[in-house]
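As a plain string of letters, each chain reads:
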Amino acid sequence: MTSQPARNTTTWWREADRRHHLHPFTDAKELAEAGGSRIITKAEGVWLEDSEGNRMLDGMAGLWCVNVGYGHKELAEAAYNQMLELPYYNTFFKTSTPPPIELAEKLAELTPEGLNHAFYATSGSEANDTIARLVRRYWAIKGQPEKRCFISRDNAYHGSTMAAASLGGMKAMHELDGLPLPGFEHVMQPYWYKEGGDLSPEDFGLKAARAVEEKILELGADTVAAFIGEPIQGAGGVIVPPASYWPEIQRICGKYDVLLVADEVICGFGRTGHWFGSQCLDIKPDLMPMAKGITSGYLPLSAVMVGDEIADTLYGAGAEFSHGFTYSGHPVSCAVALANIALMEREGLVEKVHEETGPYLQARLRELASHPLVGEVRGVGLIAGIELVEDKSTRRSYAAETAVGVRCRENCVRNLVISRAVGDSMVLSPPLIISKAEIDELVSRLQKSLDDTAREIGAL
Ligand code: PXG
């Protein structure tokens with residue numbers, strides 16, 4: 001008789017996980033070959049611990065979200081107290097609860113001028129679905145129901161629901177089930193390092209922005225509802241657009257009466273050293289979806305911040321906006337968001353990232369530019385991308401079979417640091433509470449992983 005592994009041990013968890021748990025964005029065969037899932041059991045500060053007792057430095061803040069780091073009792077207490085007081089009530093049918101009201105007021109204060117109204121959901125994807133519906137409804141009320149089309153960029157990530165994946169520009173996601181939906185168009189991304197050719201970054205930034213103008217003219221401005229972009233693309237590989245890009249996008253959206261949506265799901269809540277990426281890059285959006293860092297990932301919550309004129313039009317139309325979720329404005333999630341923001345303010349975390357730890361991480365990472373594998377280091381605040389190439393002078397990538405990014409990510413895991421590979425770019429977004437000493441540790445583990453990778457492929 002074969003003995004069963006004891007319950008709640010690594011072996012048991014891995015086996016039950018394999019049998020019963022379907023993971024997002026995962027090839028089960030590849031997962032099984034790797035020996036099954038890594039089981040993370042606890043965390044404190046910037047440190048994760050797995051079921052085998054390994055301590056890993058979390059260079060990704062979970063999935064770009066645990067901005068205040070792990071283990072804050074006051075966030076747990078905010079949830080506990082709110083659960084005892086009122087664990088749930090809805091915000092439909094002329095009712096509200098205190099936490100979403102207080103949070104909406106706070107968000108209106110923190111976001112750029114004019115964004116004074118919050119519509120809640122539970123994920124970034126739902127926030128972007130909300131935007132798709134809200135924007136079309138807005139133009140219909142304004143007597144332009146044919147203004148329905150969204151323009152986004154190739155390699156953008158806006159979520160996994162049908163509308164959010166249509167807004168996104170990830171080819172593999174579109175191929176899964178015949179997306180994008182009609183009315184979702186894509187243009188080139190402002191990715192100078194890969195696509196800039198002989199152009200200077202500034203000229204390329206203008207070219208990429210003007211691709212939006214060309215698309216508007218091709219479709220007809222009277223059919224284009226909105227343009228959406230992440231201030232800095234996160235899941236696309238931490239792509240910081242040239243400085244010429246966003247001002248030109250802003251001019252184009254204004255000229256053709258196209259709403260500008262800045263997707264702040266990753267850039268929001270201090271990641272760039274400003275409360276929002278829009279403030280870092282001087283973007284004046286009409287709508288701002290946000291999620292992740294709003295609660296530092298302690299509970300699911302998202303919001304769409306809506307500009308005054310749009311909110312007045314939508315809610316002053318004398319008819320319902322027929323859209324919403326059971327958990328829109330969930331009191332426990334909103335209470336945690338308020339505690340999270342209070343903690344960020346009390347600790348001066350955004351200022352610390354802006355003045356101290358952001359510049360320090362960026363400077364330390366730029367020391368890696370001389371490494372034989374590193375073509376470019378980019379980023380701002382505590383978000384960064386390191387692009388690995390075979391030929392630095394021509395910016396030529398390694399052949400796909402070399403899988404240099406995947407190798408480097410696996411070496412990172414062996415060296416007990418979490419980074420994510422997006423193609424051949426290693427991306428980082430550590431918790432905002434990371435100290436300078438922990439940044440040194442992060443960079444030294446990353447450097448070792450780059451060396452190990454270079455040795456494996458004969459580049460060192
Ligand atoms: N917008 C942006 C800019 C995002 O990064 C979403 C919307 C969707 O949020 P939800 O909460 O629905 O997941 C995201 C999410 C990765 C990765 O591997 C990135 C995200 C999600 C999952 C994986 O980098 N970003």
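Here the structure is a predicted model, which is why all the values come from computation and not from measurement. (Residues numbered from 1 in each chain as written. Predicted model: local features only at pLDDT ≥ 70, side-chain atom pairs only at ≥ 80, totals over all residues. Heavy atoms only, no water.)

Undergrad: Explain the overall build of the chain here, please?
TA: Across its full length, the chain holds 17 helices and 15 strands. Along the first, second and third principal axes, the C-alpha set of the chain runs to 65 × 60 × 50 Å. In the chain, buried positions account for 52% of the 460 residues. Here the contacts in the chain between residues at least 6 apart in sequence split such that 71% fall between residues at least 24 apart. If you sum the accessible surface of the chain, you get close to 20,300 Å²; carbon and sulfur atoms cover 53% of it. Distance between charge centroids for the chain: 4 Å, based on 44 positive and 62 negative side chains. (Helix = DSSP H or I, 4+ residues; strand = E, 2+ residues; numbered from the N terminus. Buried < 20%, exposed > 50% of the residue type's maximum accessible area, 1.4 Å probe, protein only. Contact = heavy atoms within 4.5 Å. Areas by Shrake-Rupley, 256 points an atom, 1.4 Å probe, with all protein chains shown as cover. Lys, Arg positive; Asp, Glu negative; His and termini not counted. Charge placed at Lys NZ, Arg CZ, Asp CG, Glu CD.)

Undergrad: Looking at this structure, I do not really get the domain arrangement of the chain. What am I missing?
TA: A common way to report how large an interface is uses the accessible area buried once the components associate. One can read the domain layout of the chain as domain 1 (38–71 + 349–456) and domain 2 (73–347). Look at where the C-alpha atoms of domain 1 and domain 2 centre, and you get two points 26 Å apart. At the interface, 36 residues of domain 1 touch 35 residues of domain 2. For the pairing of domain 1 and domain 2, the buried interface totals around 2,900 Å² over both sides, and the portion due to carbon and sulfur atoms is 58%. Taken together, the connections running from domain 1 to domain 2 amount to one salt bridge. Here Lys 194 makes a salt bridge to Glu 387, at a shortest N to O gap of 3.4 Å. (Domains from an automatic or database assignment. Buried area = accessible area lost by both parts, 1.4 Å probe. Salt bridge = Lys/Arg side-chain N within 4 Å of Asp/Glu carboxyl O.)

Undergrad: Where do I start with the environment of Pro 431 in this structure?
TA: Assignment of secondary structure puts Pro 431 in the loop between strand S15 (425–428) and helix H17 (436–456). Distance from Pro 431 to Lys 142, taken between C-alpha atoms, is 43 Å for residues 289 residues apart in sequence. Those residues in contact with Pro 431 that sit more than four places away from it in its chain are Gly 45, Val 46, Asp 58, Ala 61, Val 66, Asn 67, Gly 69 and Leu 382.

Undergrad: What exactly am I supposed to notice about the environment of Gly 318 here?
TA: Residue position: Gly 318 is located in the loop between helix H13 (308–315) and helix H14 (331–346). For Gly 318 and Pro 372, which are 54 residues apart along the polypeptide, the C-alpha to C-alpha distance reads 63 Å.

Undergrad: Mind showing me how you'd approach the nonpolar core here?
TA: Burial of nonpolar side chains together is a common tendency in soluble globular proteins. Core analysis: the biggest nonpolar cluster contains 60 residues, and Leu 107, Leu 365 and Ile 386 have the highest contact counts within it. When residues of this core are assigned to their parent elements, the largest contribution, eight residues, is made by H14. Each of domain 1 (38–71 + 349–456) and domain 2 (73–347) contributes no fewer than three residues to this core. Excluding its chain neighbours within four sequence positions, the residues that come into contact with Leu 365 are Val 377, Ala 384, Ile 386, Leu 428, Val 443 and Leu 446. Listed in part, the 24 residues of the second largest apolar core include Ala 127, Leu 259, Val 306 and Phe 321. (Core = buried A, V, L, I, M, F, W, Y, C linked by side-chain atoms within 4.5 Å.)

Undergrad: What's the story with the packing of aromatic side chains in this structure? I'm lost.
TA: The geometry of an aromatic ring pair is captured by the separation of the ring centres together with the interplanar angle, meaning the angle of the planes. Under the criterion given, the structure shown has twelve aromatic pairs. Judged by centre distance (5.8 Å) and plane angle (75°), the ring pair of Phe 119 and Phe 321 falls under edge-to-face. Separated by 202 residues along the polypeptide, Phe 119 in strand S4 (residues 115–121) and Phe 321 in the loop between H13 and H14 bring together distant segments of the chain. A single burial state applies to Phe 119 and to Phe 321, both of which are buried. Seen from their ring centres, Tyr 245 and Trp 246 are 5.5 Å apart, and the 80° between their planes marks the pair as edge-to-face. (Phe/Tyr/Trp six-rings, centres within 6.5 Å; stacked < 30°, edge-to-face > 60°.)

Undergrad: Would you mind showing me how to read the environment of Ser 200 here?
TA: Summarising the element assignment, Ser 200 is placed in the loop between helix H9 (192–195) and helix H10 (201–219). Sequence separation between Ser 200 and Gly 234 is 34 residues, and the spatial gap between their C-alpha atoms is 23 Å. In this structure the side chain of Ser 200 is engaged in a polar contact, spanning 3.1 Å, whose partner is the backbone nitrogen of Asp 203. (Polar contact = N/O pair within 3.5 Å; in protein donor to acceptor, adjacent residues only side chain to side chain.)

Undergrad: Would you mind going over the site of the ligand with me for this structure?
TA: Lining the immediate surroundings of the ligand are 16 residues, of which Trp 64, Gly 124, Ser 125, Asp 263 and Arg 420 lie closest. Ser 125 places a side-chain nitrogen or oxygen 2.5 Å from an oxygen atom of the ligand. Computed on the free molecule, the ligand has an accessible area of 540 Å², of which 83% lies beneath the protein chains in the complex. Of all the secondary-structure elements, those providing two or more residues to the shell around the ligand are helix H3 (61–64) and helix H6 (124–141). If one sorts the elements of the shell around the ligand by residue count, H6 sits on top with three residues. (Near = heavy atom within 4 Å.)

Undergrad: Would you mind showing me how to read the sheet that holds strand S12 (residues 383–388) here?
TA: Each strand in a sheet pairs with its neighbour through backbone hydrogen bonds, running either in the same direction (parallel) or in the opposite one (antiparallel). The strand order S11-S12-S15-S14 describes an open sheet built from four strands, whose pairing is antiparallel. Either end of the sheet is taken by a strand with one partner, and the two such strands are strand S11 (374–380) and strand S14 (420–422). The sheet shows a mean angle of 25° between the axes of neighbouring strands, taken without regard to direction. Sheet strands touched by helix H15 (residues 349–366): S11, S12 and S15. Its angle to S11, the strand with the most contacts, is close to 175°. Set on the sheet, helix H16 (residues 404–414) makes contact with S12, S14 and S15; between it and S15 the angle comes to about 40°. (Pairing = 2+ DSSP bridges. Axes fitted to C-alpha atoms, helices over the stretch in contact; angles between N-to-C directions.)

Undergrad: Just to check I follow, could you spell out H17 for this structure?
TA: Each full turn of the α-helix corresponds to 3.6 residues, which orients residues three or four apart in the same direction. An ideal rise of 1.5 Å per residue puts 30 Å on 21 residues; H17 measures up with 30 Å between its terminal C-alpha atoms. Looking one or two residues beyond H17, the residue adopting positive phi is Gly 458, at roughly 75°. (Expected span 1.5 Å × (residues − 1).)

Undergrad: When you look at the sheet that holds strand S1 (residues 40–44) in this model, what are you seeing that I'm missing?
TA: Here we have four strands laid out as an open sheet, ordered S1-S2-S3-S13, and mixed in their pairing. Because the sheet does not close on itself, it has two edges, and the strands there are S1 and strand S13 (417–418). The pairing of S1 with strand S2 (residues 47–50) spans four bridges and is antiparallel. Along S2, the bridge assignment pairs Ala 43 with Leu 48. Strands in contact with H17 are S2, strand S3 (55–58) and S13; relative to S3, the strand with the most contacts, it is inclined by about 100°.

Undergrad: Even after reading the chapter, I still don't get the packing of H10 against helix H11 (residues 245–255), so can you show me in this structure?
TA: The packing of two helices is summarised by the inter-axis angle and the distance between the axes. One can describe the packing of H10 onto H11 by two numbers: an axis separation of 8 Å at closest approach and a directional angle of 20°. With respect to their mutual orientation, H10 and H11 come out roughly parallel. Handedness of the H10/H11 crossing: right-handed. Side by side, H10 and H11 meet where Gly 205, Leu 206, Ala 208, Ala 209, Arg 210, Val 212, Glu 213 and Ile 216 of the first sit next to Tyr 245, Glu 248, Ile 249, Arg 251, Ile 252 and Lys 255 of the second. (Parallel < 35°, antiparallel > 145°, perpendicular 65-115°, else oblique. Left-handed = near helix turned anticlockwise from the far one by under 90°.)

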